[in-house]
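# Working through the structure, step by step
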Amino acid sequence: MNAVLAVRQYVSKMIEDSGPGMKVLLMDRETTGAVSVVYTQSEILQREVYLFERLDSPNREPMKHLKAICFVRPTKENVELLVQELRRPKYSVYFIYFSNVISKSDVKALAEADEQEVVAEVQEFYGDYIAVNPHVFSLNILGCCRGRSWDPAQLARTTQGLTALLLSLKKCPMIRYQLSSEPAKRLAECVKQVITKEYELFDFRRTEVPPLLLILDRSDDAITPLLNQWTYQAMVHELLGINNNRIDLSRVPGISKDLREVVLSAENDEFYANNMYLNFAEIGTNIKNLMEDFQRRKPKEQQKLESIADMKAFVENYPQFKKMSGTVSKHVTVVGELSRLVAERNLLEVSEVEQELACQSDHSSALQLVSAVVEYGGKRVRGSDLFGPKDAVAITKQFLKGLKGIENVYTQHQPLLQETLDQLIKGKLKDSQYPYLGPNTLRDRPQDIIVFLIGGATYEEALAVYNLNRSNPGVRIVLGGTTIHNTKSFLEEVTAAGFRGRGTESSQGPPRSSSRR
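My aim in this report is to walk through the structure given alongside it, one point at a time. Once a new chain begins, its residue numbering starts again from 1 and follows that chain's sequence as written. It should be noted that, the model being predicted, local features are given only for residues of pLDDT at least 70 and side-chain atom pairs only at 80 or more, the latter also being counted only at that level, while totals for whole chains, interfaces and linings use all residues. Side-chain descriptors were evaluated using all non-hydrogen atoms of the structure, hydrogens and water having been removed beforehand.

## Some remarks on the sheet that holds strand β3 (residues 67-72)
Either a parallel or an antiparallel arrangement is found when strands of a sheet pair, and the pairing is made through backbone hydrogen bonds. We treat two strands as partners when DSSP finds at least two bridges between them. Each helix corresponds to a stretch of at least 4 residues labelled H or I by DSSP, and each strand to a stretch of at least 2 residues labelled E; elements are numbered beginning at the N terminus. An order of β2-β1-β3-β4-β5 is seen for the five strands of this open sheet, with the pairing classed as parallel. Looking along the sheet, the strands with just one partner apiece sit at the ends: β2 (49-54) and β5 (119-124). Mean inter-strand twist for the sheet, computed between neighbouring axes without regard to direction, equals 15°. Bridge analysis of strand β1 (residues 23-27) against β3 gives five bridges, and the strand direction is parallel. Each bridged residue has a counterpart across the sheet, and for Val-24 the counterpart in β3 is Ala-68. Interaxial angle, 0 to 180 degrees, is taken between N-to-C directions of lines fitted to C-alpha atoms, where a helix line uses only the stretch in contact.

## Observations regarding a nonpolar patch on the surface
Patch membership requires over 30% relative accessible area and the absence of a salt bridge. Like charges are linked within 9 Å, and nonpolar side chains (Val, Leu, Ile, Met, Phe, Trp, Tyr) within 5 Å. Note on areas: Shrake-Rupley with a 1.4 Å probe; residue coverage comes only from the protein chains shown. For salt bridges, the criterion is a side-chain nitrogen of Lys or Arg within 4 Å of an Asp or Glu carboxyl oxygen. Taken together, the side chains of Met-22, Leu-45 and Tyr-50 make up a nonpolar region of the molecular surface, amounting to roughly 270 Å² of accessible area. Within the secondary structure layout, Leu-45 lies in helix α3 (residues 41-45). Categorising residues by exposure relies on relative accessible area from a 1.4 Å probe, with only protein chains included: less than 20% of the type maximum marks a residue as buried, more than 50% marks it as exposed, and the intermediate range marks it as partly exposed. Given the relative accessible area of 34%, Leu-45 is considered partly exposed.

## Topic: the packing of aromatic side chains
Stacked, tilted and edge-to-face are the three classes applied to pairs of Phe, Tyr and Trp rings, where Trp contributes its six-membered ring and a pair requires centres within 6.5 Å; stacked means planes under 30 degrees apart, edge-to-face means over 60, and tilted covers the rest. What the rule picks out here adds up to eight aromatic pairs. With a centroid separation of 4.9 Å and 25° between ring planes, the pair formed by Tyr-97 and Phe-125 is classed as stacked. Of this pair, Tyr-97 sits in strand β4 (residues 93-98) while Phe-125 is found in the loop between β5 and β6 (130-133), placing the two residues 28 residues apart along the sequence. Take Tyr-97: its relative accessible area is 0%, and that puts it in the buried class. Seen from their ring centres, Tyr-129 and Phe-137 are 5.8 Å apart, and the 70° between their planes marks the pair as edge-to-face. We classify Phe-137 as buried; its relative accessible area is 0%.

## Brief notes about empty space enclosed by the protein
Residues are called lining when one of their atoms sits within 4 Å of a cavity or pocket point, these points coming from a 1 Å grid over the protein atoms alone, where a cavity is a set in which a 1.4 Å probe fits but cannot get out and a pocket is an open set with protein on both sides within 12 Å along at least five of seven lines. Grid points are joined across faces, edges and corners, and a volume is the space filled by probe spheres set on the points. One pass over the structure, following the stated rule, counts five cavities of 30 Å³ or more. Considering only enclosed or pocket space, the largest cavity measures out at about 90 Å³ in volume. For the largest cavity, the full set of lining residues is Gln-178, Leu-216, Asp-217, Arg-218, Asp-220, Asp-221, Leu-416, Leu-417, Thr-420, Tyr-434, Leu-453 and Glu-461. Contributing elements (two or more residues each) for the lining of the largest cavity: β11 (212-217) and α15 (416-425). Counting residues per element, the lining of the largest cavity draws most heavily on α15, at three residues. Just so you know the grouping, Ala, Val, Leu, Ile, Met, Phe, Trp, Tyr, Cys and Pro go in nonpolar, Asp, Glu, Lys and Arg go in charged, and all remaining residues, Gly too, go in polar. In the lining of the largest cavity, the residues fall into five nonpolar, two polar and five charged. Considering only enclosed or pocket space, the second largest cavity measures out at about 80 Å³ in volume.

## Description of the pattern of salt bridges
Tallying each qualifying case throughout the model produces 23 salt bridges. Residue Asp-56 is joined to Arg-54 by a salt bridge in which the shortest nitrogen-to-oxygen separation is 3.1 Å. Here Asp-56 falls in the partly exposed class, since its relative accessible area comes to 39%. Put simply, Arg-146 and Asp-151 hold a salt bridge, and the shortest N to O gap is 2.8 Å. Assessed through its relative accessible area of 55%, Arg-146 is described here as exposed. Its relative accessible area of 14% is what places Asp-151 among the buried residues. Overlapping salt bridges, with partners in common, bring together Glu-30, Arg-73, Asp-128 and Arg-157 in one network.

What follows is the structure in structure tokens.
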């Protein structure tokens, strides 16, 4: 179960099926994001795709020497745009791929518009989601609910995205949902309706243990999205923001023009792939090692070119050297900015208090003493730089001071999802709290698990799933969410749902108790 591979294979098949020759890739806003996170532009260029266009762009010029690969969502707007396109085709031939199920009436409308017979193919390729990591996907939906109920349009979009994920992974699952959440039950029912209606599409080879879809609600764990993170991927998203693998660094002081936006993709960046789940202490050490390795190689690449053989060797090694140079520049910049923000915002101190509040039952000391300690020894009255670290290596030393045995005070917290999935894997997740949709139940422990969080998942939960996959051979878990949250986006989610603080709780009913908090 690999979400990235599933979408990559779709894109590869589109390009292969169009045959040799120069091509244009026509997409909409959402499919552009879906493709960009699994394929780099340079990779696609190597496959004879020389132009990338939006279907809704009004200023596209006719280029009859190009074949058009069209990959769009099956929306009413996109179908109408395609109808207009086919009546006045700008390209020699069209290979049309929808990212989800398309109705027969829409296919008929396209056929009627294709008077010049330029359409070579119409297919459904179910890449209707953002494959963030192999085991993580997102629908990039912020504000999916109004109060405790679905926004109807977002329910439809989420159903489409989740069923597309199932189709792309070739899974027809049994469904369980969080009983305390009406949105979870509603989504479970909608997914089941699609599976029943499109039963031919979901007629995959049966496995001894059926796959399982578990639908949960973000509101059951509002703590996890609010905590500062200390693993590389999660930390970048919390402090800088990750949008379809892109990080905006334009506000970094003194940033160079070519680093204002960078891409962090485990598929194309070995350093990121090896470090995305490591904590910041280890990142500080590893970025130092990366720089030292680069410095060792650099003089060799700049030797005098005194012969044809020297020149040939330099040309052969230059792309690798240039790629390493770009990797070093990118990660040094990102880690440097993370270090600056950690120091500027006193995040080591803040995070320690957060973890104590989230994980310890006695909060009295924190609640009584924070303001007193700040008044007594805060930054305004200190003559020296008490906390010191300004770079990743210096922060590493302070970070490691927080170790208590094997427990780190900055990473004590475990998301509720970890406990839920652990119980599920062991066959101990209670049917009374997470019932099955329909009469059938799973007698064996599940092996293929898709877990979906209404209201958004987090990179801390992605890390938990990654670790559960590693520590449970034979168990494969994929995590999805309406979006991937950091603190800022989670608070926007809460606001978009209509919650405003005091007085809201009473109108929504009494708060549910939790055994963990």
